[in-house]
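Chain by chain, the residues:
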Amino acid sequence: MLRSFALLAVSALALSACTDQAASGGGGARDQIRVVGSSTVYPFTQLVAEQFVNNNPGMKAPVIESTGTGGGMKLFCAGVGAQHPDIVNASRRLKASEYADCKANGAADVLEIQVGIDGIAFAEAKNGPRITLTTGDIYKALAANPGGKPNATKTWKDVNPALPAIPIQVYGPPSTSGTRDALAELILAKGCKETDPQAKALDSDAFDKRCKAVREDGAYVDAGENDNLIVQKLQANPNAIGIFGYSYLEENTNKLEGAPIDGVAPTYDTIAGGSYPGARPLYIYVKKAHLDAIPGLRQFLAEYATAWTKDGPLVKRGLIAAPDSVLAHSAEVIKNATPLDPSELH
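Just so you know, these numbers come straight off a predicted model, no measurement behind them. (Residues numbered from 1 in each chain as written. Predicted model: local features only at pLDDT ≥ 70, side-chain atom pairs only at ≥ 80, totals over all residues. Heavy atoms only, no water.)

Points about the pattern of salt bridges
Line of reasoning, step 1. Across all of its chains, the model carries 17 salt bridges by this definition.
Line of reasoning, step 2. Asp31 is the salt-bridge partner of Lys60, the closest N and O atoms lying 3.4 Å from each other. Placement of Lys60 in the loop between helix 1 (42–55) and strand 3 (63–65) and of Asp31 in the loop between strand 1 (4–5) and strand 2 (34–37) is noted, with a sequence separation of 29 residues between them.
Line of reasoning, step 3. A relative accessible area of 24% means that Asp31 is categorised as partly exposed.
Line of reasoning, step 4. What emerges from the salt-bridge pattern is a single network uniting Arg92, Glu98 and Asp181. (Salt bridge = Lys/Arg side-chain N within 4 Å of Asp/Glu carboxyl O. Helix = DSSP H or I, 4+ residues; strand = E, 2+ residues; numbered from the N terminus. Buried < 20%, exposed > 50% of the residue type's maximum accessible area, 1.4 Å probe, protein only.)

Rendered as structure tokens:
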């Protein structure tokens with residue numbers, strides 16, 4: 001579901017009377033910033049937008065849509081100009097294939113800005129069974145083809161005799177979500193390598209099918225891009241487990257309990273320190289061609305850089321502050337409008 005954020009504006013995209021600059025590499029005639037992408041990064045960018053409006057009287061509120069990272073990248077990389085977004089929120093890094101689309105559509109100069117760190121939190125209701133999982137357990141429970149065979153497990157006890165005999169029901173993000181990508185890369189792939197001796201010898205396509213594909217028989221429930229809906233579903237079904245960004249767990253500690261993975265609970269310190277298996281960086285990507293063409297875009301990025309510190313408002317919203325060296329690099333990227341090096345992408 002798309003969520004739109006507009007504090008002062010009524011229209012979704014207000015166009016000024018000047019000519020669209022897309023043909024010359026500009027951002028076009030819009031007079032407000034447009035952001036798409038990750039539902040995980042959405043609340044952080046929303047908060048920055050609120051500060052931006054408060055600190056820049058007369059500026060229109062940015063329009064922010066929660067489309068999922070994958071869906072946002074498609075919109076972002078479709079071209080340069082007023083009809084295309086300025087920023088994409090991302091709960092994983094830009095893929096080389098996505099950058100190729102950006103380049104093919106004239107948007108090769110892209111700023112990559114890491115805004116912080118997040119964790120893929122596994123959580124249950126306060127009155128849940130207090131389940132403790134390993135990456136291997138999660139792989140055996142959620143992979144479509146664990147060990148190369150269709151997943152036939154029904155209960156957590158089927159996965160691991162030490163776990164309770166309750167049905168496997170996990171509410172999580174859709175395939176368009178960066179959180180889903182991170183689940184596959186950080187949790188399922190790791191669990192596959194640890195429990196399946198043959199996995200490391202597989203080629204890329206075979207590995208993805210065996211280790212990263214999520215089962216579709218009802219044990220894993222695609223809950224869409226609205227992470228708050230997962231919180232509600234856990235309240236209604238205490239035996240279920242939910243998967244979402246850490247900030248949603250942090251905001252609902254009165255309702256939810258984090259489920260430890262490999263003995264490590266999802267907390268600010270374990271994610272910041274890297275001991276939690278589901279820790280991941282969060283990004284925003286910005287079109288350099290739009291920086292001067294879209295009013296307020298440079299100021300908006302500067303606003304972000306003041307909000308992501310350890311004592312800043314984004315941490316209070318649930319973001320994990322990145323190391324000082326990472327934030328200093330991100331600030332330099334903003335200051336110098338330095339495009340990313342595509343050779344670093346995979």
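Let's talk about the confidence of the model for the chain
Line of reasoning, step 1. Overall, the prediction assigns the chain a mean pLDDT of 91, with 92% of residues at 70 or greater.
Line of reasoning, step 2. Taken as a whole, residues 1–28 scores under 50 in pLDDT and shows 77 contacts with residues more than four places along the chain or in a different chain. (pLDDT = per-residue confidence, 0-100. Contact = heavy atoms within 4.5 Å.)

Considerations on the nonpolar core
Line of reasoning, step 1. Ranked by size, the top nonpolar core spans 76 residues in total, and within it Ile113, Phe122, Trp156, Phe244 and Tyr304 carry the most contacts.
Line of reasoning, step 2. In terms of residue count, strand 5 (residues 110–125) provides more of this core than any other element does, eight residues in total.
Line of reasoning, step 3. Excluding its chain neighbours within four sequence positions, the residues that come into contact with Phe122 are Ile138, Leu183, Ile187, Ile241, Gly242, Ile243, Glu257, Gly258, Ala259, Ile261, Pro266 and Tyr276.
Line of reasoning, step 4. Val80, Val88, Tyr283 and Leu340 belong to the second-largest nonpolar core, a separate cluster that totals 16 residues. (Core = buried A, V, L, I, M, F, W, Y, C linked by side-chain atoms within 4.5 Å.)

Things to note about the side chain of Arg92
Line of reasoning, step 1. Relative to the elements of secondary structure, Arg92 occurs in the loop between strand 4 (87–90) and helix 3 (96–104).
Line of reasoning, step 2. Taking the relative accessible area as the measure of exposure, Arg92 reaches 10% and is therefore buried.
Line of reasoning, step 3. One polar contact links Arg92 to Glu98, side chain to side chain, over a distance of 2.7 Å.
Line of reasoning, step 4. Contact partners of Arg92, with chain neighbours within four places excluded, come to Thr69, Gly70, Met73, Glu98, Gly178, Asp181, Pro281, Tyr283 and Tyr285. (Polar contact = N/O pair within 3.5 Å; in protein donor to acceptor, adjacent residues only side chain to side chain.)

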